[in-house]
Amino acid sequence: MVFVFLLYFQTGGSSWKVETGRRDGRISLSKEADENLPSSNFNIAQLKQNFAFKGLTKKDLVVLSGAHTIGVTSCFVINDRLYNFTGRSDTDPALDPTFASELKKKCKPGGGGPVLELDQGSSTVSDAHFYKAVRQNRGLLTSDAALLNDPLTRAYVKRQSTSPVKATFGKDFGKSMVKMGGIGVLTGNEGEIRKRCAFVN
Ligand code: HEM
Ligand SMILES: *[C@@H]1O[C@H](CO)[C@@H](O)[C@H](O)[C@H]1NC(C)=O
């Protein structure tokens, strides 16, 4: 959480109070993470369910997806959106057609191609630009585009993309990050407080 905090703060995002002393388990399995993490191919119903399972709301979903204001992905991840959406060599109609052809120039069928900014043109700055891209059907991941398919998440995307509301996105992001940091936290004598968060003591 401290790492994520620094990442977003140093790229111009907001700051928030990181809770410390989180009690974690003594066993850490990558398989468990894989099973619990949402897939970028999830639709809005699957995303809502995945978040709800961890006590996170639709608001948390749309706010935390704003994390994709920075960072990158690969052509491989969006290959099916470009070249095989329903298994018939088609393109995801949820992608802006101009944007889809731009992407096809970069990404070869099968997934080869350069690294792609998640928030095209603004991927090193933490801001609300991501929501503008999503609203223009220029969200790279299916899961980002899916935010337009629920009234609440759609309204949030619209709100963040129309007014200079960096302040509210930043504040919302901090709140949801603290909430996410509290998922499955242990209490009492259970588990341990890790000295280094990626390793059991
Ligand atoms: C809503 C569900 C989410 C899905 C389905 C999702 C999926 C993905 C995928 C597929 C990538 C690209 C990875 C790659 O190509 O190697 C990615 C990148 C990234 N995600 Fe998410 N993500 C979600 C939520 C979040 C949240 C909650 C955060 C943090 C608060 C986050 C932060 C990031 C960052 C920073 C990157 C860029 C990593 C880099 O540049 O190396 N994502 N995400
Ligand atoms: C396209 O998708 C279909 C169904 O998922 C799959 O059977 C087929 O192998 C895919 N084609 C390519 C070229 O990846």
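What you see is a predicted model, and the numbers here were worked out from it, not measured in a lab.

Here we look at the nonpolar core
Consideration 1: Val-62, Tyr-131, Val-157 and Phe-173 are the most contacted members of the largest nonpolar core, which totals 25 residues.
Consideration 2: Mapped by element, the contributors of at least two residues to this core are helix 1 (2-10), helix 3 (44-52), helix 4 (58-65), helix 7 (129-135), helix 9 (151-162) and helix 10 (166-181).
Consideration 3: Sort the elements by how many residues they give to this core and helix 4 lands first, with four residues.
Consideration 4: Apart from the residues lying within four places of it in its own chain, the contact partners of Val-62 are Tyr-131, Leu-147, Thr-153, Tyr-156 and Val-157.
Consideration 5: Among the nonpolar cores identified, the runner-up in size contains 11 residues, and Tyr-83, Ala-100, Leu-103 and Cys-107 belong to it.

Observations regarding the UniProt feature "binding site: substrate" (unreviewed entry) in the protein chain
Consideration 1: UniProt records the feature "binding site: substrate" (unreviewed entry) for Pro-38 in the present numbering.
Consideration 2: With respect to the helices, strands and loops of the structure, Pro-38 is situated in the loop between helix 2 (30-36) and helix 3.
Consideration 3: Setting aside chain neighbours within four positions, we find Pro-38 in contact with Leu-47, Asn-50 and Phe-51.

Quick notes on unusual backbone geometry
Consideration 1: Here Ser-89, not a glycine, exhibits a phi torsion of approximately 55 degrees, which is positive.
Consideration 2: Within the secondary structure, Ser-89 sits in the loop between helix 5 (75-83) and helix 6 (97-106).
Consideration 3: The class of Ser-89 is exposed, set by a relative accessible area of 66%.
Consideration 4: At Asn-137, a residue that is not glycine, the phi angle is positive and equals roughly 60 degrees.
Consideration 5: Within the secondary structure, Asn-137 sits in the loop between helix 7 and helix 8 (142-145).

Some details on the coordination of the iron atom of ligand 1
Consideration 1: With respect to protein ligation, the iron atom of ligand 1 binds only His-68 (NE2), at 2.0 Å.
Consideration 2: Relative to the helices and strands, His-68 resides in the loop between helix 4 and strand 2 (72-74).

Details of the packing of helix 3 against helix 4
Consideration 1: The N-to-C vectors of helix 3 and helix 4 enclose an angle of 105 degrees; their axes lie 9 Å apart at closest approach. With respect to their mutual orientation, helix 3 and helix 4 come out roughly perpendicular. Where helix 3 abuts helix 4, its residues Ile-44, Leu-47, Lys-48 and Phe-51 lie against Lys-58, Asp-60, Leu-61 and Leu-64.
Consideration 2: Among the residues making up the contact of helix 3 with helix 4, the classes are represented as five nonpolar, no polar and three charged.

Quick word on the domain arrangement of the protein chain
Consideration 1: Domain annotation for the protein chain reports domain 1 (1-7 + 39-70 + 123-183) and domain 2 (72-117).
Consideration 2: For domain 1 and domain 2, the distance between their C-alpha centroids amounts to 22 Å.
Consideration 3: Taken residue by residue, the interface counts 11 residues in domain 1 and 13 residues in domain 2.
Consideration 4: Of the roughly 1000 Å² buried where domain 1 meets domain 2, counting both sides, 54% is carbon and sulfur surface.
Consideration 5: On the domain 1 side of the contact with domain 2, Asn-137, Arg-138 and Leu-140 bury the most area, a combined 56% of that side's loss.
Consideration 6: There are two salt bridges connecting domain 1 and domain 2.
Consideration 7: Here Glu-102 and Arg-138 are joined by a salt bridge, their closest N and O atoms 3.6 Å apart.
Consideration 8: Our count for the contact surface shared by domain 1 and domain 2 stands at four residue pairs in polar contact (both at pLDDT 80 or more).

The rules we used
Residues numbered from 1 in each chain as written. Chains lettered and ligands numbered in written order. Predicted model: local features only at pLDDT ≥ 70, side-chain atom pairs only at ≥ 80, totals over all residues. Heavy atoms only, no water. Core = buried A, V, L, I, M, F, W, Y, C linked by side-chain atoms within 4.5 Å. Buried < 20%, exposed > 50% of the residue type's maximum accessible area, 1.4 Å probe, protein only. Helix = DSSP H or I, 4+ residues; strand = E, 2+ residues; numbered from the N terminus. Contact = heavy atoms within 4.5 Å. UniProt positions renumbered as here; feature names shortened; annotations may be inferred. Donors = N, O, S within 2.8 Å, 3.2 Å for Na, K, Ca; no water. Axes fitted to C-alpha atoms, helices over the stretch in contact; angles between N-to-C directions. Parallel < 35°, antiparallel > 145°, perpendicular 65-115°, else oblique. Nonpolar A, V, L, I, M, F, W, Y, C, P; charged D, E, K, R; others polar. Domains from an automatic or database assignment. Buried area = accessible area lost by both parts, 1.4 Å probe. Salt bridge = Lys/Arg side-chain N within 4 Å of Asp/Glu carboxyl O. Polar contact = N/O pair within 3.5 Å; in protein donor to acceptor, adjacent residues only side chain to side chain.

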